[in-house]
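# Commentary on secondary and tertiary structure
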Amino acid sequence: MHSPWSRRSFLLTSTASALALTASGLLPCAEAAAADAYEALRAKWRTLVLGDGFSPTAEPFKSRLTELGATARQLRDTMAPATGSLWPDASYADPDPDTDQESYGYSANVVTGYSRLNTMAQAYRQEGTGLTGDAALKSAVLTGLDHLYTQIYNENQARFGNWYSWQIGAPQHLLDVCVLMYDQLSAAQVANYCKAVDHFVPDSAVGSYTGTSTGANRVDLCRVLALRGVVGGSSAKIALARDALSPVFPYVTTGDGLYTDGSFIQHTTVPYTGSYGSVMLGGLGMLFSLLRGSTWEVTDTKRQIVFDAVEKAWAPFLYNGLVMDGVAGRAISRGLSASDAKKIQADDHLRGHPIMSAIVLLGQGASTAENARWRGLVKGWMRRDYYSPPLSDPSLGLTSLARLKGVEDDASVTPAAEPTGHRLFTNMARATHRRPGWAASISMADPRITYYETGNGENLRGWHTGSGMLYWWGDTYANGQYSDAFWPTVDPYRLPGITASRKPLSDAAGGDWGASLPDVKWVGGASDGQRAAIGQYLKGLQSTLRARKSWFCLDDTIVCLGAGIVCTDGAAVESTIENRNLGPTGTAPFQVDGVSKPTSTPWSATLSGAKWAHIGGHGGYVFPGGATVKALREERSGKWSDINKGGATTAIARKYLTLYVDHGTAPTNGTYAYQLMPGASAARTAARSADTGWLRILANSDDQQGVSVPAQGFTGVNFWFGGTVGPLVASAPCSVQISEKSDGTAVVCVSDPMRAQTSLTLTWNRAVSAVTSKPATVTSATTGASLKLTFGDLSGTKGASQRVTVRLG
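We now turn to the structure provided with this report. (Residues numbered from 1 in each chain as written. Predicted model: local features only at pLDDT ≥ 70, side-chain atom pairs only at ≥ 80, totals over all residues. Heavy atoms only, no water.)

## Focus on the overall build of the chain
Heads up, the condition is: A run of H or I in DSSP becomes a helix once it reaches four residues, and a run of E becomes a strand once it reaches two; helices and strands are each numbered from the N terminus. For the radius of gyration, the atom set is restricted to C-alpha positions; the globular benchmark scales as 2.2 Å times the number of residues to the power 0.38. With a 1.4 Å probe rolled over the protein chains alone, any residue whose accessible area is under 20% of its type maximum counts as buried; one over 50% counts as exposed, and the rest are partly exposed. For this analysis, residues touch if any pair of their heavy atoms sits within 4.5 Å. A residue counts as positive if it is Lys or Arg and as negative if it is Asp or Glu; His and the chain ends are not included. To locate a charge, take atom NZ for lysine, CZ for arginine, CG for aspartate or CD for glutamate.
When helices and strands are tallied, the chain shows 18 helices and 33 strands. The C-alpha radius of gyration computed for the chain amounts to 28 Å, which stays within 12% of the reference 28 Å derived for 809 residues, consistent with globular compactness. Dimensions of the chain, computed from the C-alpha atoms along their principal axes, are close to 85 × 60 × 55 Å. Expressed as a percentage of the 809 residues in the chain, the buried residues total 61%. Look at the contacts in the chain between residues 6 or more apart in sequence, and 70% of them connect residues 24 or more apart. Both charge centroids of the chain, one from 71 positive and one from 67 negative side chains, sit 4 Å from each other.

This is the structure:
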């Protein structure tokens, strides 16, 4: 793509500006000599903002550029500078400036002002917008910059509302505009804008790696400092930004950042791979690219941790182009904004696409092998995203669109298939399970990981998302299950997989920013990388509810057990087996034990002694030994504003098919047991139910939960307390998963989810001839008629699986 100005013109104007800045005293003489270096960085940032490698006359870029021009024209024509506002609908004149919710809105409008100017500046610089180089648009942008500086964003203004607006949101857009319009700005204007940024984002903002200066926020602050240096010609600012990135790279053991198991935490207690993690990944990609080859290049060798995290932390949560909602925090409530004139509904797919683009950008600075693998991953996700094709994503910027289009058109890139396997993220109480044809994710909570996060008036009813929610998607079906207005219309007390009291909770119950943490220790499990035994000791949010929940993740099913369910709230207690979003008109067929049920809405029934059930186009459910299950078809309506104060107020309706176990209002030892079989046909579901020996439930109590599947050589037990379950004897609480192989070996995986055991003995009553590999935590291993493993101190293993490989005797 070509700029309407030549590089020579840019250099001439930029050099003249640098000399003017020097004369004004803003730049020392030594830095004047580096004017070309700063201009090179500005040129590079313009490319990162505007994109390159695409034709403005080819689709999908032509239409997107035309749309950009139309938006910029509308913004130009409606801009009306006045005291307290730049646009009439975005007042920043807070009559009572403080840090309450109202002030948050006023401070957000400062960001809105600069964001709109950024859109106008991009339309001015981009070819094909119909406003390229337009004098009236240029004048409007410059007028807007001076207005906001004079009125609100200057070195004398005290901040109010949300700190983010002043330190990240506003300055990022301001500095982008400064780079895009640099040759049109006077030295005095540049000096003024730099003074404003210095006031709100002083060097001390990155002085310590604490508070709001960690993880994704730290990367955003470094972007501001780096661009402040690029715009103002300050080598010290750019160097500070580069060096302040270093605390982001190392693995952490508590709080915000990346963990060795692939977990990513922001706000101390919130799994945030799909939201803040996306921001961090994208921000690092841009800064690495900006500084690459310059005097200020990022050379910290620990940046390799970020490269490793692409496949270790982000890829496990991407499926067919979407990023799983269980690691998106408050973002799940940001569907349709009341202020979005374009009415674009955000969802898991639209959150996944920028991550894919960031991976492509990051790959440009990674090794050749990494870059090739990542481009294959991205191409595979793009090809399989039938529900929301990335190249048609209306919210994706031109730069990201160009990167993804480049991967799509690159014939040398072979799309990577979805992998199979299990990933257990013990440090953020999350798990993913991938099998041919489907993928699933489990969300839990423990003393380190919050039930859910609310804040800024967002995610007001996410109360039970950490109570064992079990998400799942098919390869060619149901990829819009949580995308299609699920969050404002689903019953928040009946999320799939959870056990919950229907005791009414107030919006934002538990407090902002992940304040509420359950007082439980046994949350986690054991996995060999393909299968898993996972357990959660659940205590309800603002409830007396307690329950033991287990998931055994196998080759074509997830076996779900619940026991010890007690509650004295006086409200109904339910375990939700499934709650499928069938869309606005959904009439998916439903049958129980081979008998078709009504497809009309509303409909409900109590299914006594049910052996199996099947939802057409989705999957099957098997109830070992029969169960009493309640089924419900209903149409539910809601508004995005119900769960997000900034959401649209238009009512939406979706139809749901729900299966749940009613434990009554005062259960003392409630239980449940079922198999989830994603994608299974009715015939396969019925056959699994009829094969009563396929699954053996070894225990389902408040003490232990365990199953064995002889056909798959699988045994899994969650010992809530030590004891004997089937062939296993444990001296203390632990999770055990065993996979017997066809080659006469077996893998025994043991973990201490409580992170408390200083000694543990596990006996497997199975003939074993030899131990072929074991971790250092195994202090002794005895073979023979049975296997006896003695583990030393497991408290420092962070709940990770300790893997022992044996040869069966």
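## So, the sheet that holds strand S8 (residues 438-443)
Stated precisely, the cut-off is as follows: The rule for pairing is simple: two strands pair if DSSP sees at least two bridges between them. Axes, fitted as lines to C-alpha atoms, cover a helix only where it is in contact. Angles between the N-to-C directions of the axes lie from 0 to 180 degrees.
Pairing in this open sheet of four strands is antiparallel, and the strands run S6-S7-S8-S9 from one edge to the other. Each edge of the open sheet is held by one strand with a lone partner, namely strand S6 (421-425) and strand S9 (469-474). With direction set aside, neighbouring strand axes in the sheet form an average angle of 10°. As paired elements, S6 and strand S7 (residues 430-435) share five bridges and run antiparallel to each other. Across the sheet, His422 pairs through a bridge with His433, a residue of S7.

## Describing the pattern of salt bridges
Here is the rule: Each reported salt bridge corresponds to a side-chain nitrogen of Lys or Arg within 4 Å of a carboxyl oxygen of Asp or Glu.
Tallied over the entire structure, the rule returns 39 salt bridges. Where Glu39 meets Arg42, a salt bridge forms, and the shortest distance between an N and an O atom there is 3.3 Å. Taken as a pair, Glu39 and Arg42 lie in helix H3 (residues 35-50) at a separation of three residues, close to a single helical turn. Comparing Glu39 with Arg42 shows no difference in burial state: the two are buried. In this structure, Glu578 engages Arg580 in a salt bridge whose closest nitrogen and oxygen atoms are separated by 4.0 Å. Of the residues examined, Glu578 reaches a relative accessible area of 1% and is grouped as buried. Owing to a relative accessible area of 0%, Arg580 belongs among the buried residues under this scheme. Three or more residues joined by partner-sharing salt bridges are found here, namely Asp198, Asp203, Arg228 and Lys237.

## Some thoughts on the sheet that holds strand S32 (residues 787-791)
Ordered in space as S25-S26-S29-S32-S31, the five strands form an open sheet in which the pairing is antiparallel. The sheet is open, and its two edges are formed by strand S25 (723-725) and strand S31 (778-782), each paired on a single side. The mean inter-strand angle of the sheet, taken between neighbouring strand axes irrespective of direction, is 15°. Note that strand S29 (residues 760-764) and S32 share five bridges and pair antiparallel. Along S32, the bridge assignment pairs Leu760 with Phe791.

## Quick word on unusual backbone geometry
Of the consecutive residues Glu59 and Pro60, the connecting peptide bond is found in the cis state with omega at 10°. Residue Thr601 is joined to Pro602 through a cis peptide bond whose omega torsion reads 0°. Positionally, Pro602 belongs in the loop between strand S17 (595-596) and strand S18 (603-615). One non-glycine residue, Asn320, lies in positive phi territory at about 50°.

## Overview of the environment of Gly262
Mapped onto the secondary structure, Gly262 falls in the loop between strand S1 (257-258) and strand S2 (264-266). Note: C-alpha distance between Gly262 and Asp308 (46 residues apart in sequence) is 9.3 Å. Apart from residues no more than four positions distant in its own chain, Gly262 is found in contact with Lys312, Ala313, Arg423, Phe425 and Met428.

## What about the nonpolar core?
Note the threshold: The nonpolar core is taken to be a set of buried Ala, Val, Leu, Ile, Met, Phe, Trp, Tyr and Cys residues, with the residues joined through side-chain atoms within 4.5 Å.
Core analysis: the largest hydrophobic core is formed by 200 residues, its most contacted members being Leu117, Leu145, Tyr153, Trp487 and Phe590. One finds Phe719, Val736, Trp764 and Val768 within the second-largest nonpolar core, a separate group that totals 25 residues.

## What about the packing of helix H4 (residues 61-78) against helix H15 (residues 398-409)?
The test is simple: Should an angle fall under 35 degrees it is called roughly parallel, over 145 degrees roughly antiparallel, and 65 to 115 degrees roughly perpendicular, with every other angle called oblique. Side-chain classes follow a simple rule in which Ala, Val, Leu, Ile, Met, Phe, Trp, Tyr, Cys and Pro form the nonpolar group, Asp, Glu, Lys and Arg form the charged group, and the remainder, Gly included, forms the polar group.
Axis separation between H4 and H15 bottoms out at 11 Å; the angle between their running directions is 180°. One finds that H4 runs roughly antiparallel with respect to H15. Along its contact with H4, which presents Phe61, Arg64, Leu65 and Leu68, the element H15 presents Leu398, Leu401, Ala402 and Lys405. Looking at side-chain class alone, the contact of H4 with H15 contains six nonpolar, no polar and two charged residues.

## Regarding the packing of H3 against H15
Two elements in contact, H3 and H15, have axes whose closest approach is 6 Å; the angle formed by their N-to-C orientations is 80°. Of the possible angle classes, the one that applies to H3 and H15 is roughly perpendicular. Contacts between H3 and H15 pair Thr47, Leu48, Val49 and Leu50 from the former with Leu398, Thr399 and Arg403 from the latter. Its residues assigned to classes, the contact of H3 with H15 shows four nonpolar, two polar and one charged.

## Points about the side chain of Asp393
Tracing the backbone through its elements, the reader meets Asp393 in the loop between helix H14 (368-384) and H15. The contact partners of Asp393, leaving out residues within four places of it in the chain, are Arg64, Leu350 and His353.

## A few points about the pairing of S8
In terms of burial, S8 is a largely internal element, six of the six residues being buried. By the alternation rule, side chains of S8 split into Trp438, Ala440 and Ile442 and Ala439, Ser441 and Ser443, which are all buried. Where S7 meets S8, six bridges bridge the pair, whose relative direction is antiparallel. By the bridge assignment for S8, Ala431 is matched with Ile442. What sits between S7 and S8 in their antiparallel hairpin is a turn of two residues, with Gly437 showing a positive phi close to 95°. Both S8 and S9 contribute to a ladder of six bridges, which runs antiparallel. When the sheet's bridge partners are listed, Ala440 is paired in S9 with Trp472.

## Let's talk about the side chain of Arg494
Inclusion rule: Any pair of nitrogen or oxygen atoms within 3.5 Å is treated as a polar contact; in protein, a donor-acceptor pairing is required on top of that, and neighbouring residues in sequence qualify only through side-chain atoms on both sides.
Within the secondary structure layout, Arg494 lies in the loop between helix H16 (486-489) and strand S10 (499-501). A polar contact of 3.4 Å, which involves the side chain of Arg494, links it to the side chain of Tyr660. The contacts of Arg494, once residues within four sequence positions are left out, are Arg502, Glu574, Thr576, Asn579, Leu632, Thr658 and Tyr660.

## A few points about the pairing of strand S27 (residues 734-740)
A large share of S27 lies buried, amounting to six of its seven residues. Relative to S27, strand S24 (residues 714-719) is paired through six bridges, and the arrangement is antiparallel. Of the residues in S27, the one forming a bridge with Val717 is Val736. Of the strand pairs in this sheet, S27 and strand S28 (residues 745-751) are connected by six bridges, and their pairing is antiparallel. Residue pairing across strands places Glu740 opposite Ala746, the latter belonging to S28. As consecutive antiparallel partners, S27 and S28 are separated by four residues, and within that stretch Gly744 has a phi angle of approximately 85°, a positive value.

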